[in-house]
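An overview of the molecular structure
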Amino acid sequence: CPGSLPGRKGSPQQIYSLGVSMTALSVTVVKEFYQLCNWAYEVWSTHRVLFDENPKASALQASAVGNALDRLSIITQEYVLHQISKLHDPAVQQGQANLGIDYIIKFGGWEPATHIKLCALQARLDELAQKIRPARNKLLSHNDLVTILSSATLAAFPAGEDKNYFEVLQEFANLVHDQVVGGPC
């Protein structure tokens, strides 16, 4: 994977300088990573069930609670986009270690075959993350004035790409869990 060579930003040396000793991932770190992945999935699933796939959505939108549901839909949608974005943070950023996909790959101490598989899965996961990143940088984490005034649509992606993302994320998490803890998540 790009950027996983020693001496580059987010290198093992930078992690060690933070007081973290990692030559391979601990069971605790892998379980925490799985919880982060699972939380993003649960939030996404909740939004889909309540808003995208709810057979009563039209009737609810027309009811007295329609405006409140519109707000909740936006809130849950923004939250899931933010959770996905955080999974794609660099392993080290401004001197801080971030537990995410990049961290798992860079500091897993993987056998070459596993490393290649994880990098391939990361590339597939990055397809959606790259589409979401502008929304995170301009609206979810900041209030970018130009973006707000332009009413630009950010984080648009084809229908079903989010479902595919979580299938690939499950595959990634299962591989990591299997290699470190034993067995799938």
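Residues numbered from 1 in each chain as written. Predicted model: local features only at pLDDT ≥ 70, side-chain atom pairs only at ≥ 80, totals over all residues. Heavy atoms only, no water.

The next subject is the overall build of the protein. Each helix and strand in the protein was counted, giving eight helices and two strands. Sorting the 185 residues of the protein into buried and exposed places 38% on the buried side. Partitioning the contacts of the protein with sequence separation of at least 6, the portion at a separation of at least 24 is 70%. Accessible area for the protein stands at about 10600 Å²; split by element, carbon and sulfur atoms hold 55% of it. (Helix = DSSP H or I, 4+ residues; strand = E, 2+ residues; numbered from the N terminus. Buried < 20%, exposed > 50% of the residue type's maximum accessible area, 1.4 Å probe, protein only. Contact = heavy atoms within 4.5 Å. Areas by Shrake-Rupley, 256 points an atom, 1.4 Å probe, with all protein chains shown as cover.)

With that out of the way, let us pick up unusual backbone geometry. Of note, the phi angle at Gln94 is positive, near 50°, even though the residue is not glycine. Its place among the elements puts Gln94 in the loop between β1 (92-93) and β2 (96-97). Overall, Gln94 belongs to the exposed group, its relative accessible area being 78%.

What follows is about the side chain of His47. With respect to the helices and strands, His47 occurs in helix α2 (residues 27-52). The class for His47 is buried, based on a relative accessible area of 5%. If sequence neighbours within four positions are ignored, His47 has contacts with Asp52, Ser73, Thr76 and Gln77.

What follows is about a nonpolar patch on the surface. Taken together, the side chains of Leu139, Leu145, Ile148 and Leu149 make up a nonpolar region of the molecular surface, amounting to roughly 390 Å² of accessible area. Looking at which element gives the most residues to the nonpolar patch, the answer is helix α7 (residues 145-150), with three residues. (Patch = residues over 30% accessible without salt bridge, like charges linked within 9 Å, V, L, I, M, F, W, Y side chains within 5 Å. Salt bridge = Lys/Arg side-chain N within 4 Å of Asp/Glu carboxyl O.)

Tallied over the entire structure, the rule returns seven salt bridges. Close ionic contact of Arg136 with Asp89 constitutes a salt bridge, the shortest N to O distance being 2.4 Å. With Arg136 in helix α6 (residues 112-140) and Asp89 in the loop between α4 (66-87) and β1, this pair connects stretches of sequence that are 47 residues apart. The same class applies to Arg136 and to Asp89, which are both buried. Taking the shortest distance from any N to any O, the salt bridge between Glu167 and Lys163 comes out at 2.9 Å. Of this pair, Glu167 and Lys163 both sit in helix α8 (residues 161-180), four residues apart, which is roughly one turn of that helix. Overall, Glu167 belongs to the partly exposed group, its relative accessible area being 43%. Residue Lys163 is classed as partly exposed on the basis of its relative accessible area of 42%. Through salt bridges with shared partners, a single network forms among Arg48, Glu53 and Asp162.

Per the counting criterion, the structure on display carries seven aromatic pairs. One aromatic cluster is present, formed by Tyr41, Trp44, Tyr165 and Phe166 through successive ring pairs. (Phe/Tyr/Trp six-rings, centres within 6.5 Å; stacked < 30°, edge-to-face > 60°.)

It is worth stressing that arrangement in space is one thing and function is another; only the former is reported here.
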